[in-house]
Amino acid sequence: MRVGVLGGGQLARMLALEGIPLGHRFTVLEGAPDPPAGVASTVVAAAYDDPDGLAAVAAAADVVTYEFENVPAGSAAYLAARLPALPPPGALQVAQDRLAEKRMFCELGIPTAPFHPVDGPEDVDEAVAVTGLPAVIKTRRLGYDGKGQVVARSRGEVEAAVERLGAGLIAESFVAFDKELSVLAAAGREGGRAFYPLTENHHREGILRVSYAPAPGLTPSLQSEAERLAGLVLDRLDYVGVLAIELFEVGGRLLANEMAPRVHNSGHWTLDGADASQFENHIRAVTGMPLATPRVPGPAAMVNIIGELPDPGAVAAIPGAHLHLYDKAPRPGRKIGHINVTGPDEATVMRTVARVWELLPGAGELPRATGW
Ligand code: AMP
């Protein structure tokens, strides 16, 4: 099948690299020069809302999907009128707005931190009454990797954050979580479902640094609760494709933080740690193939390469380390690759992650798995 992808970054690259062996061909729409997906796809070089670019992708594809949720609504509608656009544009719409997303979670009975919309200083009192302090003030749209959000510890700090970030905000209670987890779910065009084991995620400055999977200490009941919650979202959105939900674990309970209607950084470990990756299952889903039930033979980890490249040869020399580079120019704070780690047991994986970490320039202290 001919698959179109909006966006030509690393996610599109990995979708194509995993989809080509299944017999598919890829065309990506990407305005930035030299996109990472270019090695594995035909590139239509245009902006995501360029009418000619959209027409070219629609003509070159039997199904279209996305590597990011901030696809302009008009572009998604244009494509969906011409060919299957999956996940459905309604899922993008919800995921583009943190408030819509949290309201949907609430309607579905999925627990979240208390939240309140904020559009200006006049909303601060009401918001703080709901969230308490500290609160996290976030832009409702276009925030990613910790951008567009502020932790406010006093009413004055909330006001200052609102002044700085402008209108269209959401205030949330600051969650003193025990762990950050994510669940990756896949839904097929014919109704099949697949889930990956919960992943434990460690962020710094709002950017994912390291993931461990299956999440250390994961119990069957926590896994089935996460799958139940994800299933509610898949049902509500008539979802097709891979969906990620970021969760906080607090005292054994799960709170939903946000969702991504696409393959997700916290699922990159599945390229080496599962026998069917999130990328493969996303492509299977949107092209109408049966989903693969992923088998996860042992523990795995994923270390993001951010800002500066390690010596590729030195990484490759470490047994159990799997290097994935994205062909992106190094720049501070930019994700330019990741290293997956697999091994026979948790202690070995943890030791290997520590060796990999040593090779990352300026990485600081390693966020260790809780309990490995
Ligand atoms: P987000 O963009 O919502 O995924 O936030 C990025 C990161 O900021 C999360 O992965 C958490 O580490 C942290 N964070 C976001 N919201 C909250 C919250 N309500 N309470 C505590 N930490 C948060």
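Residues numbered from 1 in each chain as written. Predicted model: local features only at pLDDT ≥ 70, side-chain atom pairs only at ≥ 80, totals over all residues. Heavy atoms only, no water.

Chemist: Tell me about the sheet that holds strand β4 (residues 63–66), residues and numbers included.
Modeler: Strands sit in the order β3-β2-β1-β4 across an open sheet of 4 strands; the sheet is parallel. Looking along the sheet, the strands with just one partner apiece sit at the ends: β3 (42–44) and β4. Adjacent strand axes in the sheet meet at a mean angle of 25 degrees, parallel and antiparallel pairs treated alike. Both strand β1 (residues 2–6) and strand β2 (residues 25–29) contribute to a ladder of 5 bridges, which runs parallel. Bridge pairing in β2 places Val 3 opposite Phe 26. (Pairing = 2+ DSSP bridges. Helix = DSSP H or I, 4+ residues; strand = E, 2+ residues; numbered from the N terminus. Axes fitted to C-alpha atoms, helices over the stretch in contact; angles between N-to-C directions.)

Chemist: Let's hear about the nonpolar core: which residues, and what values?
Modeler: Core analysis: the largest hydrophobic core is formed by 35 residues, its most contacted members being Val 5, Trp 269 and Phe 279. When residues of this core are traced back to their parent elements, those giving at least two are β1, α1 (10–19), β2, β9 (179–187), β12 (207–213), β13 (241–250), α10 (278–286) and β15 (300–306). Take this core: its biggest share by element is 5 residues, from α1. Discounting chain neighbours no more than four positions away, the residues touching Phe 279 are Leu 11, Met 14, Leu 15, Glu 18, Val 263, His 268 and Leu 271. (Core = buried A, V, L, I, M, F, W, Y, C linked by side-chain atoms within 4.5 Å. Buried < 20%, exposed > 50% of the residue type's maximum accessible area, 1.4 Å probe, protein only. Contact = heavy atoms within 4.5 Å.)

Chemist: Describe the site of the ligand, listing the residues and the values that go with them.
Modeler: Residues in close proximity to the ligand total 15 residues, the closest being Arg 98, Lys 138, Val 175, Glu 180 and Glu 258. A distance of 3.0 Å separates a nitrogen atom of the ligand from a polar side-chain atom of Glu 172. Take Ser 173: an N or O atom from its main chain is 2.9 Å from a nitrogen atom of the ligand. Bound to the protein, the ligand loses 91% of the 470 Å² it would expose on its own. Broken down by secondary-structure element, the contributors of at least two residues to the shell around the ligand are β6 (135–139), β8 (169–173), β13 and β14 (253–260). (Near = heavy atom within 4 Å. Polar contact = N/O pair within 3.5 Å; in protein donor to acceptor, adjacent residues only side chain to side chain. Areas by Shrake-Rupley, 256 points an atom, 1.4 Å probe, with all protein chains shown as cover.)

Chemist: Talk me through the pairing of strand β5 (residues 115–118); I want residue IDs and the actual numbers.
Modeler: On β5, burial covers both faces: Phe 115 and Pro 117 on one face and His 116 and Val 118 on the other are all buried. The pairing of β5 with β8 spans 4 bridges and is classified as antiparallel. When the bridges of β8 are listed, Pro 117 appears paired with Ile 170.

Chemist: With reference to specific residues and values, describe the sheet that holds β8.
Modeler: On the basis of which strands lie adjacent, the open sheet formed by 4 strands has the order β5-β8-β6-β7 and antiparallel pairing. The two strands at the open ends of the sheet, each matched to only one other strand, are β5 and β7 (149–152). In this sheet, neighbouring strand axes are inclined to one another by 25 degrees on average, regardless of whether the strands run parallel or antiparallel. The pairing of β6 with β8 spans 5 bridges and is antiparallel. If you follow Ile 137 over to β8, its bridge partner there is Ala 171. Running over the sheet, helix α7 (residues 155–165) touches β5, β6, β7 and β8 and is turned about 165 degrees from β7.

Chemist: Lay out helix α3 (residues 73–80) with the relevant residues and their values.
Modeler: Ser 75, Ala 76 and Leu 79 are the residues of α3 that are buried. All buried residues of α3 fall inside an arc of 100 degrees around its axis, so they share one side. Exposed side of α3, more than 90 degrees from the buried face: Ala 73 and Gly 74 are the residues found there. Tucked into the core, α3 has its buried residues touching β1, α2 (51–60), β4 and α4 (89–95). (Arc of directions from axis to C-beta.)

Chemist: Which residues make up α10, and what values do they have?
Modeler: Summarising burial for α10: 9 of the 9 residues are buried, a large majority. Within α10, burial applies to Gln 278, Phe 279, Glu 280, Asn 281, His 282, Ile 283, Arg 284, Ala 285 and Val 286. With a side-chain oxygen positioned 3.2 Å from the backbone nitrogen of Phe 279, the residue opening α10 is Ser 277. One or two positions beyond α10, positive phi appears at Gly 288, with a value near 80 degrees.

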